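Single-letter residue listing:
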Amino acid sequence: MKKKLVSLIMAVVIIFTVSLALAKTVEPEDPEIERFAGRTVHATVGEYVDYLNAFRVTVYENDRFDDDDIERLAAGDILLADGTTYTVKEITTSPDGELMAVMENGTEIVFERAGDDYTARFTDDDRHCMHAIAVVLLKPAEGMVYEDNSDPDLDAQMIVVDNLEEILKIKAEKEKTSIGFDFYGTTVTLNGKLEIVKIHQDFDVAQ
């Protein structure tokens, strides 16, 4: 009996030891923050937190849809796009021959190939459907510039500002009179240290 008990205890110890040897550290797969370094991303540049010397930035990415899901889309289906749900009224093609869904509220969304997936854009303003993926505090890099290319006059010269104090004044004014540094018309370029190298603003129909 004692021999059996000893053997059982030894077996448990061996199993426990083996399980410890097989144990591993589990981390989130592909953390979002690592993917931002060195990239230009659509973003809403929010408040500047003075004591941290950082902007509160909401980062956006294009909605991406599985090709099978889009190619099988049919009337009556529910589509989540640009953070809103739509009920599909009919599937048709755009004037350019692209797959298009007409929603019950009249919204038209065109689907464009992006590798094995589809992205989507609205026909009325050509905006791409996007969703927020992270809110982060990002510091301005030394010599950070702001490029204002939002003038609808195609012949207008782009305004370039490289002084943080002036950039903050422009940001405050645009938030009073327009849409501020909104993600549809604003991109942020980051360096390898996740510092903001450039804030670029293009024309947007909502401004």
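Report on the accompanying structure. (Residues numbered from 1 in each chain as written. Predicted model: local features only at pLDDT ≥ 70, side-chain atom pairs only at ≥ 80, totals over all residues. Heavy atoms only, no water.)

Section: a negative patch on the surface
Where like charges cluster on the molecular surface, the negative patch consists of Asp66, Asp68, Asp69 and Asp116. By the secondary structure assignment, Asp66 is in strand β3 (residues 65-66). Judged by relative accessible area, Asp66 falls into the partly exposed class, the value being 37%. (Patch = residues over 30% accessible without salt bridge, like charges linked within 9 Å, V, L, I, M, F, W, Y side chains within 5 Å. Areas by Shrake-Rupley, 256 points an atom, 1.4 Å probe, with all protein chains shown as cover. Salt bridge = Lys/Arg side-chain N within 4 Å of Asp/Glu carboxyl O. Lys, Arg positive; Asp, Glu negative; His and termini not counted. Charge placed at Lys NZ, Arg CZ, Asp CG, Glu CD. Helix = DSSP H or I, 4+ residues; strand = E, 2+ residues; numbered from the N terminus. Buried < 20%, exposed > 50% of the residue type's maximum accessible area, 1.4 Å probe, protein only.)

Examining the environment of Gln207
Note on placement: Gln207 falls in the segment after β13 (196-202). Classification of Gln207 as partly exposed rests on a relative accessible area of 36%. Here the alpha-carbon distance between Gln207 and Ile179, two residues 28 residues apart in the chain, equals 5.5 Å. In this view, Gln207 contacts Ser150, Pro152, Ser178, Ile179 and Asp202; residues no more than four positions away in its chain are not counted. Polar contacts involving the side chain of Gln207 include one to the main-chain carbonyl oxygen of Ser150, which spans 2.7 Å. (Contact = heavy atoms within 4.5 Å. Polar contact = N/O pair within 3.5 Å; in protein donor to acceptor, adjacent residues only side chain to side chain.)

Overview of the sheet that holds strand β1 (residues 40-49)
Across the sheet, seven strands lie side by side as β9-β2-β1-β12-β13-β10-β11; this open sheet has mixed pairing. Two strands bound the open sheet, and with one partner strand each, they are β9 (130-138) and β11 (159-161). Across this sheet, the average inter-strand angle for adjacent strands is 30 degrees, counted without regard to direction. Where helix α4 (residues 164-177) meets the sheet, its contacts fall on β1, β2 (54-62), β10 (140-149), β11 and β13, and the angle it forms with β10 comes to roughly 40 degrees. (Pairing = 2+ DSSP bridges. Axes fitted to C-alpha atoms, helices over the stretch in contact; angles between N-to-C directions.)

Description of the packing of aromatic side chains
Enumeration over the complete set of coordinates arrives at six aromatic pairs. An aromatic cluster of at least three residues, connected via ring pairs, comprises Tyr60, Phe183 and Tyr184. The aromatic ring of Tyr184 is capped on one face by Arg127, whose charged end is 3.7 Å from the ring centroid. (Phe/Tyr/Trp six-rings, centres within 6.5 Å; stacked < 30°, edge-to-face > 60°. Lys NZ or Arg CZ within 6 Å of the ring centre and 35° of its normal.)

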